[in-house]
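Breakdown of the fold
Listed below are the residues making up each chain.
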Amino acid sequence: MRLLVSGVLLSLGLSSLVLPESSLAQAQSSASETQINAMVEALRLAAPKTGRADDGYYSEWQVKPDTLKGWSKNCLKKEVTPTQFENDAGLARQVVSCITRRELSKQLTATGNNEMAAVRGVACWWMTGNYTGCNSGFTADYVKKVAGYYQQPGSKPSSDTAKPVTSPSPKR
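Here's a quick rundown of the structure. (Residues numbered from 1 in each chain as written. Predicted model: local features only at pLDDT ≥ 70, side-chain atom pairs only at ≥ 80, totals over all residues. Heavy atoms only, no water.)

**A closer look at the nonpolar core**
- Judged by nonpolar contacts, the single largest core of 37 residues is most densely connected at Met39, Trp61, Phe85, Leu104, Trp126 and Val146.
- Ranked by the residues each element gives to this core, the list is headed by helix α7 (residues 115-128), at 8 residues.
- With sequence-adjacent residues up to four places away left out, Trp126 is seen in contact with Leu43, Trp61, Val63, Trp71, Val96, Thr100 and Tyr142. (Core = buried A, V, L, I, M, F, W, Y, C linked by side-chain atoms within 4.5 Å. Buried < 20%, exposed > 50% of the residue type's maximum accessible area, 1.4 Å probe, protein only. Helix = DSSP H or I, 4+ residues; strand = E, 2+ residues; numbered from the N terminus. Contact = heavy atoms within 4.5 Å.)

**Notes on the state of the cysteines**
- Here the structure, examined in full by the defined rule, presents 2 disulfides.
- Note on cysteine connectivity: Cys124 is disulfide-linked to Cys134, with sulfurs 2.1 Å apart. Judged by the sign of its S-S torsion, about 80 degrees, the bond between Cys124 and Cys134 is right-handed. With a gap of 10 residues between them, Cys124 in helix α7 and Cys134 in the loop between α7 and α8 (137-151) connect regions that are remote in the sequence.
- For Cys124, a relative accessible area of 2% corresponds to the buried category.
- Classification of Cys134 by relative accessible area gives buried; the value is 10%.
- Bonded cysteines in the protein are paired 1-2, 3-4 when counted in the order they occur along the chain. (Disulfide = S-S within 2.5 Å.)

Structure below.
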């Protein structure tokens, strides 16, 4: 019996070494698909509209080319050109969703699962590269705008719209 208890304790001890603490915390605070979709849509809706086609930002999310390079390598394991990103809304959404998943999950962990604090942190990071410091001026207005869009009922898909699309059944 003593050997069995020792084996269980050793097993539990080894599992804590095999699973790093960060992965355990991340698993506990990972963002849901609903939260990610709402955040992606809020970032899209709040993206600054410059009114110029040659403003140096790409897609509906207004991403800089250098930022896109790193994000696409991280998410797709290949570099995407600004033109590809600009012209393929599905590709753009895929990259933005990947980055949003990473950042929203980090912020949920950092804020103890405070959803709105996490949203504000991601919005600040999106605009400045920092999770904090968006308390005044343009960045504060942007963060408020993102948070407002995030909270709109239409920004989070209902359970009916979140279901995958299926092919229609063949006619008989």
